[in-house]
Amino acid sequence: MNVFEELYEEMENVNVQFVGMSTETARYDFGIVFTNMFFGKPLVVCMQTGRSTLLCSDEANSVEAIQRAFHIDDFGEATRVAKYFQERLPSMPLATQY
């Protein structure tokens, strides 16, 4: 008896960019996975905490979203991290997905 129903299993070669950055009070190490999955939206992983989120440059405009995703308490630090992602991640046009 199957305990779960497998919905998909995909394999692909992806590009991964590893980024290290520091602010006055903290260091951040991120892995950015550029994939065709998730409608092409990059998967951003904090290498220190394991926290991850699907993120595009448009969503990085929300500093609060960056704070929530990576548990960054200081608004100024989150603003600097968000600015980095705004400049480095692709913009995703709004489109009907289903």
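For clarity, every value in this text was computed on a predicted model and none was experimentally measured.

**Looking at the pattern of salt bridges**
Logical step 1: What the rule picks out here adds up to four salt bridges.
Logical step 2: Among the ionic pairs, glutamate 87 bridges to lysine 83, the shortest N-O distance being 3.2 Å. Residue glutamate 87 and its partner lysine 83 are both found in helix H2 (residues 75-88); the two are separated by four residues, about one turn of the helix.
Logical step 3: Between arginine 88 and glutamate 87 there is a salt bridge whose closest N-O contact spans 3.4 Å.

**Thoughts on the packing of helix H1 (residues 63-70) against H2**
Logical step 1: Between H1 and H2, whose axes approach to 9 Å, the crossing angle comes to 100°. When the interaxial angle is binned, H1 and H2 end up roughly perpendicular. Together, Val63, Glu64, Ile66, Gln67 and Phe70 of H1 and Phe75, Ala78, Thr79, Val81, Ala82 and Phe85 of H2 make up the contact between the two elements.
Logical step 2: Of the residues that constitute the contact of H1 with H2, the class distribution is eight nonpolar, two polar and one charged.

Thresholds, definitions, all that
- Residues numbered from 1 in each chain as written.
- Predicted model: local features only at pLDDT ≥ 70, side-chain atom pairs only at ≥ 80, totals over all residues.
- Heavy atoms only, no water.
- Salt bridge = Lys/Arg side-chain N within 4 Å of Asp/Glu carboxyl O.
- Helix = DSSP H or I, 4+ residues; strand = E, 2+ residues; numbered from the N terminus.
- Axes fitted to C-alpha atoms, helices over the stretch in contact; angles between N-to-C directions.
- Parallel < 35°, antiparallel > 145°, perpendicular 65-115°, else oblique.
- Contact = heavy atoms within 4.5 Å.
- Nonpolar A, V, L, I, M, F, W, Y, C, P; charged D, E, K, R; others polar.

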